[in-house]
Amino acid sequence: SQTIHQWPATLVQPVGSPLSLECTVEGTSNPNLYWYRQAAGRGLQLLFYSIGIDQISSEVPQNLSASRPQDRQFILSSKKLLLSDSGFYLCAWSVPGRTIAEAFFGQGTRLTVV
Amino acid sequence: AQTVTQSQPEMSVQEAETVTLSCTYDTSENNYYLFWYKQPPSRQMILVIRQEAYKQQNATENRFSVNFQKAAKSFSLKISDSQLGDTAMYFCAFTHWGAGSYQLTFGKGTKLSVIP
């Protein structure tokens with residue numbers, strides 16, 4: 001069966017520090033991968049999606065970047081965090097090669113920038 | 001652009017009672033999927049139910065059912081025999097059906113509290 005792992009679960013970082021959140025999927029090959037952000041009082045906002053290695057699309061211009069160093073690994077990064085980067089970050093995957101009929105989510109990372 | 005609106009920020013229901021959560025959406029597409037996701041205090045997003053727009057029959061999943069009104073662009077979730085474990089944020093979501101459909105558009109959520 002497929003599983004998705006996301007870490008860390010919580011993170012407190014000072015303004016201006018770098019960020020690296022990791023997400024890995026097991027039990028499938030070439031999944032579609034996604035990073036979402038959930039801010040207080042708002043729905044989930046798609047940040048990045050990837051349909052393969054070296055194929056990453058950004059949905060929202062921001063202080064963040066994404067990379068996919070391996071087929072089933074998706075990393076969300078920032079060189080210098082802003083206060084506005086605080087939020088709940090969710091990684092997700094969907095069946096490869098198909099439209100997103102259903103996404104499976106990780107357990108999320110609560111990021112607080114202080 | 002697609003939008004999803006959940007007009008009820010918070011709701012509460014007595015245990016064993018029935019509650020309906022509302023969702024409306026806006027799209028010019030004819031083929032699409034609609035979802036309800038549940039996010040309990042553990043924060044894990046869990047798919048509750050899915051509806052394909054081409055299907056006239058409303059989807060059901062045990063105690064969860066939807067009322068899909070395509071012309072009205074309405075997609076409400078009914079939870080029957082509410083249980084304490086149903087306490088969670090519920091998100092309505094939309095994606096269109098076709099090549100390049102990588103975007104799940106979410107509403108802002110409804111916080112449901114089940115009262116013992």
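Predicted model, so just to flag it, every value in this text is computed and none were measured.

Cut-off values and rules
Residues numbered from 1 in each chain as written. Chains lettered and ligands numbered in written order. Predicted model: local features only at pLDDT ≥ 70, side-chain atom pairs only at ≥ 80, totals over all residues. Heavy atoms only, no water. Helix = DSSP H or I, 4+ residues; strand = E, 2+ residues; numbered from the N terminus. Rg over C-alpha atoms; globule rule 2.2 N^0.38 Å. Buried < 20%, exposed > 50% of the residue type's maximum accessible area, 1.4 Å probe, protein only. Contact = heavy atoms within 4.5 Å. Lys, Arg positive; Asp, Glu negative; His and termini not counted. Charge placed at Lys NZ, Arg CZ, Asp CG, Glu CD. Phe/Tyr/Trp six-rings, centres within 6.5 Å; stacked < 30°, edge-to-face > 60°. Pairing = 2+ DSSP bridges. Axes fitted to C-alpha atoms, helices over the stretch in contact; angles between N-to-C directions. Disulfide = S-S within 2.5 Å. Core = buried A, V, L, I, M, F, W, Y, C linked by side-chain atoms within 4.5 Å.

Trainee: Teacher, can you tell me more about the overall build of chain A here?
Mentor: Of regular secondary structure, chain A possesses zero helices and eleven strands. Reading the helices (α) and strands (β) of chain A from amino to carboxyl end gives β-β-β-β-β-β-β-β-β-β-β. The C-alpha radius of gyration computed for chain A amounts to 13 Å, which stays within 12% of the reference 13 Å derived for 114 residues, consistent with globular compactness. Seen through its C-alpha atoms, chain A measures out along the principal axes to roughly 40 × 25 × 20 Å. Counting across all 114 residues of chain A, residues that qualify as buried make up 51%. By sequence separation, contacts in chain A at least 24 residues apart represent 56% of the contacts at least 6 residues apart. Charge separation in chain A, taken as the distance between the mean sites of 8 positive and 7 negative side-chain charges, equals 7 Å.

Trainee: Help me understand the packing of aromatic side chains in this model?
Mentor: The description of an aromatic ring pair rests on the distance of the ring centres and on the angle between the ring planes. Counting across every chain of the model gives 16 aromatic pairs over all chains. Look at A:Tyr36 and A:Phe105: their rings are 5.9 Å apart centre to centre, the planes differ by 50°, and that puts the pair in the tilted class. Here A:Tyr36, found in strand S4 (residues 32–38), pairs with A:Phe105, found in strand S10 (residues 104–105); they are 69 residues apart in sequence, far enough to count as distant. Just as A:Tyr36 is buried, A:Phe105 falls in that class too. Aromatic side chains B:Phe68 and B:Phe75 sit 6.3 Å apart centroid to centroid with 80° between the ring planes, which places their arrangement in the edge-to-face category. In textbook terms, an aromatic cluster arises when at least three aromatic residues are bridged by ring pairs, as seen for A:Tyr34, A:Tyr36, A:Phe105, B:Tyr33, B:Phe35, B:Tyr37, B:Phe91 and B:Phe106.

Trainee: I keep staring at the sheet that holds strand S8 (residues 73–78) of chain A and nothing clicks. Help me out?
Mentor: Each strand in a sheet pairs with its neighbour through backbone hydrogen bonds, running either in the same direction (parallel) or in the opposite one (antiparallel). Residues and elements named next belong to chain A. Pairing in this open sheet of four strands is antiparallel, and the strands run S1-S3-S8-S7 from one edge to the other. For this open sheet the edge positions go to strand S1 (3–7) and strand S7 (65–70), each flanked by a neighbour on one side alone. Across the sheet, the axes of successive neighbouring strands diverge by a mean angle of 20°, strand direction being ignored. Pairing analysis gives four bridges linking S7 to S8, with the strands arranged antiparallel.

Trainee: Help me understand the state of the cysteines, please; the structure alone is not making it clear to me.
Mentor: Cysteine pairs can be covalently joined through their sulfur atoms, and such a bond is termed a disulfide. Residue and element names in this part refer to chain A. Summed over all chains, the structure comprises two disulfides over all chains. At a sulfur-sulfur separation of 1.9 Å, the disulfide partner of Cys23 is Cys91. Taking the torsion about the S-S bond as the criterion, the Cys23 to Cys91 disulfide, at about -75°, is left-handed. With Cys23 in strand S3 (residues 19–26) and Cys91 in strand S9 (residues 87–94), this residue pair connects regions lying 68 residues apart in the sequence. Each member of the pair, Cys23 as well as Cys91, is classed as buried.

Trainee: Explain the nonpolar core to me, please; I cannot follow it from the model alone.
Mentor: Generally speaking, soluble globular proteins have nonpolar side chains that are buried together. Residue and element names in this part refer to chain B. Membership of the largest hydrophobic core comes to 25 residues, with the highest contact counts inside it found for Tyr25, Trp36, Phe75, Leu77 and Tyr90. Elements represented by at least two residues in this core include exactly strand S3 (19–21), strand S5 (32–39), strand S6 (46–52), strand S8 (64–69), strand S9 (74–79), strand S10 (88–96) and strand S12 (110–115). With four residues, S10 is the single largest residue contributor to this core. Setting aside chain neighbours within four positions, we find Phe75 in contact with Cys23, Tyr25, Leu34, Phe35, Trp36, Gln51, Val66, Asn67, Phe68 and Cys92.

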